[in-house]
Amino acid sequence: MSRSGTTDSLDLFVTHRSLLFTVAYEMLGSAADAEDVVQEAWLRWAGLDPEVRAQVREPRSYFVRIVTRQALNRLRTLSRRREEYVGEWLPEPLLTVPDVAEDVELAESVSIAMLTVLESLAPVERAVFVLREVFDAPYEEIAEAVGKSTAAVRQISSRARSHVAARRPRMQVDRSEQQAVVERFLAAVTTGDVQGLMDVLAPDVVLIADGGGVANAVRVPVFGAKKVINLLRPFPKIAVNPKIELLWFNGGLGIRIDDEVGGPSLISVVVEDGRVARIFAMRNPDKLGRLAEETELAR
């Protein structure tokens, strides 16, 4: 093959890189690990004989298959590591462009809420669910990627879909409603407005925080508006020169708080029926390193 042909075949990978990163990220919930998986896939592709690369008829499917296998191997290792994690484990957030929210299915699939639900799936179940429900991959291609029969993949897909459906939040709200509720919630928290919190929080609201044993955070979920309010209302008194901004991450509008003493926090909320139903507070600084520039996601 000519040098030009070799370059073109390598460029194919670059063309699909955002897609491959998104696949890996949805399977792993960690941007750092997703980057490693994509890099491993790139090295495998670049290391192939040019004649072998030229025989790949469907590069997209081929790349997804490689990334899925690499991600599965890493996911099994991560599952054991997360069992030893201090407190609750939440996904690593990504700064995303507002346009991601326009693709409703993609935005929901990369939301902190959905990625948290996916953590409850076994590795193969998660891979099958992501490939089928998010990327609409054919069962035959998924079977080849995960090393199962097509019939087995169909059963796994059905089981995973039922599992997720029973746990996924109802997130069908438009951007204007999401922003209005987030702003009401933020105003109530920053002023210590107890009545405002009572009005904006659902009675059965759940708060989950991830400090990783590094930052101060509750280590178990907090259930119910009363307990959540008791946790949030001291904020104006204990925060030191906090810098607060609204920003788009993981396909939705959230809150970033930088406290001179308490450190950084990234807060994602799930809005249901005009109220905050779930609060995810990511405080582990090791997971907040990808907020300086936007990450391109694709499917």
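Higher on the page you've got the structure.
Residues numbered from 1 in each chain as written. Predicted model: local features only at pLDDT ≥ 70, side-chain atom pairs only at ≥ 80, totals over all residues. Heavy atoms only, no water.

Engineer: For this particular structure, what's the right way to read the pairing of strand β4 (residues 252-259)?
Structural biologist: Across a regular strand the side chains alternate sides, sitting on one face of the sheet and then on the other. Within β4, six of the eight residues are buried, which leaves the element mostly enclosed by the surrounding structure. Where strand β3 (residues 243-249) lies against β4, seven bridges are found, and the strand directions are antiparallel. If you follow isoleucine 244 over to β4, its bridge partner there is isoleucine 257. Counted along the chain from β3 to the antiparallel partner β4, the turn is two residues long, and its residue asparagine 250 has a positive phi close to 50°. By the bridge criterion, five bridges tie β4 to strand β5 (residues 263-272) in an arrangement that is antiparallel. Bridged to aspartate 259 within β5 is glycine 263. Taking the residues that link successive antiparallel strands as the turn, the β4-β5 hairpin has three residues. (Buried < 20%, exposed > 50% of the residue type's maximum accessible area, 1.4 Å probe, protein only. Helix = DSSP H or I, 4+ residues; strand = E, 2+ residues; numbered from the N terminus. Pairing = 2+ DSSP bridges.)

Engineer: How should helix α2 (residues 17-28) be read in this particular structure?
Structural biologist: Two residues of an α-helix separated by three or four positions point the same way, owing to the 3.6 residues in each turn. Helix length check: α2 (twelve residues) gives 16 Å between terminal C-alpha atoms against 16 Å at 1.5 Å per residue, within 8%. Burial within α2 is extensive, with eleven of its twelve residues counted as buried. (Expected span 1.5 Å × (residues − 1).)

Engineer: Quick question: what am I supposed to make of the sheet that holds strand β6 (residues 275-282) here?
Structural biologist: Pairing between the strands of a sheet comes from backbone hydrogen bonds, and it takes one of two forms, parallel or antiparallel. Judged by pairing direction, the sheet is mixed, and its six strands sit side by side in the order β2-β1-β6-β5-β4-β3 without closing on themselves. Both edges of this open sheet fall to β2 (222-223) and β3, since each of them pairs with a single strand only. As defined by bridge partners, β5 adjoins β6 across seven bridges and the pair is classed as antiparallel. Its bridge partner lying in β6, serine 268 is registered against phenylalanine 280. Seen against the sheet, helix α13 (residues 225-232) touches β1 (201-210), β2 and β6 and runs at an angle of roughly 50° to β1. (Contact = heavy atoms within 4.5 Å. Axes fitted to C-alpha atoms, helices over the stretch in contact; angles between N-to-C directions.)

Engineer: Looking at this structure, how should I read the packing of helix α8 (residues 123-134) against helix α10 (residues 150-167)?
Structural biologist: Packed helix pairs are specified by the crossing angle of their axes together with the interaxial distance, meaning the distance between the axes. Where α8 contacts α10, the two axes come as close as 9 Å, and the packing angle between them is 90°. Here α10 runs roughly perpendicular to α8, going by the angle between their axes. Every residue of α10 that contacts α8 at Val124, Glu125, Val128, Phe129, Arg132 and Glu133 is listed here: Val153, Ile156, Ser157, Arg159, Ala160, Arg161 and Val164. (Parallel < 35°, antiparallel > 145°, perpendicular 65-115°, else oblique.)

Engineer: Just checking my understanding: could you explain the nonpolar core for this structure?
Structural biologist: Within soluble globular proteins, side chains that are nonpolar tend to cluster in buried spots. Ranked by size, the top nonpolar core spans 53 residues in total, and within it Phe21, Met27, Leu118 and Val146 carry the most contacts. If one sorts the elements of this core by residue count, helix α5 (residues 59-82) sits on top with nine residues. Not counting residues within four places of it along the chain, the set of residues in contact with phenylalanine 21 comprises Ala31, Ala34, Glu35, Val38, Leu94, Arg290, Thr295 and Leu297. Ranked by size, the runner-up nonpolar core spans 29 residues in total, among them Val181, Leu186, Ala188 and Leu197. (Core = buried A, V, L, I, M, F, W, Y, C linked by side-chain atoms within 4.5 Å.)

All quantities given are derived from atomic positions and should not be read as evidence of function.
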